[in-house]
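Close look at the chain arrangement
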Amino acid sequence: MAIEITDATFEEKVLKSDKPVMVDFWAAWCGPCRMVGPIIDEISQEYEGKAVIGKLDVDANQEFAAKYGVRNIPTVLVFQNGEVVGRQVGVAPKNTYAEAIDQLL
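My aim in this report is to walk through the structure given alongside it, one point at a time. (Residues numbered from 1 in each chain as written. Predicted model: local features only at pLDDT ≥ 70, side-chain atom pairs only at ≥ 80, totals over all residues. Heavy atoms only, no water.)

**Let's talk about the overall build of the chain**
What counts is decided by this rule: Under the scheme used here, helices are H or I runs from DSSP no shorter than 4 residues and strands are E runs no shorter than 2 residues, and both carry numbers assigned from the N terminus. For the radius of gyration, the atoms used are the C-alpha atoms, and the globule rule reads 2.2 Å times the number of residues raised to 0.38. Relative accessibility decides the category of a residue: with a 1.4 Å probe and only protein chains considered, values under 20% of the type maximum give buried, values over 50% give exposed, and everything between is partly exposed. Whether two residues touch is decided by their heavy atoms; if any such pair falls within 4.5 Å, the residues are in contact. Throughout, the Shrake-Rupley method with a 1.4 Å probe supplies accessible areas, and for residues the shown protein chains are the sole cover considered. The charge count includes Lys and Arg as positive and Asp and Glu as negative, but it does not include His or the ends of the chains. To locate a charge, take atom NZ for lysine, CZ for arginine, CG for aspartate or CD for glutamate.
Counting secondary structure elements, the chain contains four helices and five strands. Reading the secondary structure of the chain in the N-to-C direction produces β-α-β-α-β-α-β-β-α. Here the C-alpha atoms of the chain give a radius of gyration of 12 Å, agreeing with the 13 Å that 2.2 N^0.38 yields for 105 residues. Within the span of the chain, comprising 105 residues, buried residues form 46% of the whole. Of the contacts formed within the chain by residues at least 6 apart in sequence, a portion of 69% connects residues at least 24 apart. In the form shown here, the chain has an accessible surface area of approximately 5600 Å², with 49% of it arising from carbon and sulfur atoms. The average position of the 10 basic charges and that of the 16 acidic charges among the side chains of the chain differ by 2 Å.

This is the structure in structure tokens:
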């Protein structure tokens, strides 16, 4: 399962991570987000120990969604050393997300 990321834990879990981090910005009311969610959970299992995979509910946590210009959801951002190195807006196939992490490993 992907970890839950909040505004309070974002800096510690994402920006200070020594591994690549993938964050799914989503909301419970968003239909396409419900399509991406299971894909993100699968990836979190496959990359356990190699990368940090998390989800951030934009309704409850707006600070970092705004900071990174997340205007549409789902948006998946990939971080390396605290910097955004990848962005996928909308639903994409699983291999699109996996390749974004593979490039950093």
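Further notes follow.
**A few points about the nonpolar core**
The cut-off we apply is this: Definition used in this section: a nonpolar core is a set of buried Ala, Val, Leu, Ile, Met, Phe, Trp, Tyr and Cys residues joined via side-chain atoms within 4.5 Å.
Counting residues in each nonpolar core, the largest one holds 18 residues, and the members touching the most others are F10, V14, V23, F25, L56 and F79. Elements with a contribution of two residues or more to this core: α1 (10-15), β2 (21-26), β3 (52-57), α3 (63-67) and β4 (75-80). No other element matches β2, which puts three residues into this core. Apart from the residues lying within four places of it in its own chain, the contact partners of F25 are F10, L56, V58, F64, A65, V70, I73, P74, T75 and L77. With 15 residues, the next largest nonpolar core counts V36, I40, V78 and Y97 among its residues.

**Some thoughts on the side chain of K55**
Heads up, the rule is: Identification of polar contacts relies on pairs of N or O atoms within 3.5 Å, with a donor-acceptor requirement for protein atoms, meaning one able to donate a hydrogen and the other able to accept it, and with residues adjacent in sequence counted only if both atoms are side-chain atoms.
Within the secondary structure layout, K55 lies in strand β3. Given a relative accessible area of 17%, K55 falls into the buried group. Polar contacts involving the side chain of K55 include one to the side chain of D41, which spans 3.4 Å. What K55 contacts, discounting residues up to four positions off in sequence, is A2, I3, E4, I5, D24, W26, G37, I40 and D41.

**A word on the packing of aromatic side chains**
This is how it is decided: Aromatic rings from Phe, Tyr and Trp, with only the six-membered ring used for Trp, were paired whenever their centres fell within 6.5 Å, and each pair was classed as stacked if the ring planes differed by under 30 degrees, edge-to-face if by over 60, and tilted otherwise.
Under the definition given, this model contains five aromatic pairs. Measuring from ring centre to ring centre gives 4.1 Å for F10 and F64, while their planes differ by 10 degrees; the resulting arrangement is stacked. In this pair, F10 sits in helix α1 while F64 sits in helix α3, placing the two residues 54 residues apart along the sequence. Ring centres 5.2 Å apart and planes at 85 degrees place the aromatic pair Y68 and F79 in the edge-to-face group.

**Structural notes on the pairing of β4**
Just so we agree on the cut-off: Here, strands pair whenever DSSP counts at least two bridges between them.
Burial of β4 is extensive: five of the six residues sit out of reach of the surface. Inspection of the sheet shows β4 paired to strand β5 (residues 83-89) by six bridges, in the antiparallel sense. Directly across from V76, in β5, lies its bridge partner Q88. Once β4 ends, the chain turns through two residues before running back antiparallel as β5, passing N81 with a positive phi of about 55 degrees.

**Notes on the environment of I73**
On the secondary structure map, I73 appears in the loop between α3 and β4. Among the residues examined, I73 registers a relative accessible area of 22% and is labelled partly exposed. In the structure, I73 is positioned 43 residues away from C30 in sequence and 7.4 Å away in space, judged by C-alpha atoms. The residues contacting I73, other than those within four sequence positions of it, are F25, W26, A27, W29, C30, C33 and V58.

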